[in-house]
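Descriptive analysis of the structure
Each chain, letter by letter, is given below.
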Amino acid sequence: MGVVTAVQLKKFVKWGAVGLVAFYLLSRPDDAAHTVQGAVSGVMKAADSMAQFFAKLT
């Protein structure tokens, strides 16, 4: 066994995050749905704000 490389650590962290998301989705689907809905709403608000900004430039 040797030193953990950055690539191995990155892979471990990535799969750990995927596992946590899967666990969250399976154990608390209502909360997960609200989280996704909030994230999508935030992205939509940001896109709307950008559209308004660029509309004001012209």
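Notes on the structure follow. Just so it is clear, the structure is predicted and the values come from calculations on it, not from any experiment.

1. Topic: the overall build of the protein chain
- Counting its regular elements, the protein chain contains two helices and zero strands.
- On C-alpha atoms alone, the protein chain measures out to a radius of gyration of 19 Å, which is more than a quarter above the 10 Å that the 2.2 N^0.38 rule sets for 58 residues.
- With the C-alpha coordinates aligned to their principal axes, the bounding extent of the protein chain is approximately 60 × 30 × 5 Å.
- With 58 residues in all, the protein chain has 2% of them scored as buried.
- Carbon together with sulfur atoms contributes 73% to the accessible area of the protein chain, which is approximately 5500 Å² in total.

2. Overview of the environment of Lys 45
- With respect to the secondary-structure elements, Lys 45 resides in helix α2 (residues 29–57).
- Of the residues examined, Lys 45 reaches a relative accessible area of 58% and is grouped as exposed.
- In the structure, Lys 45 is positioned 39 residues away from Ala 6 in sequence and 36 Å away in space, judged by C-alpha atoms.

The rules we used
- Residues numbered from 1 in each chain as written.
- Predicted model: local features only at pLDDT ≥ 70, side-chain atom pairs only at ≥ 80, totals over all residues.
- Heavy atoms only, no water.
- Helix = DSSP H or I, 4+ residues; strand = E, 2+ residues; numbered from the N terminus.
- Rg over C-alpha atoms; globule rule 2.2 N^0.38 Å.
- Buried < 20%, exposed > 50% of the residue type's maximum accessible area, 1.4 Å probe, protein only.
- Areas by Shrake-Rupley, 256 points an atom, 1.4 Å probe, with all protein chains shown as cover.

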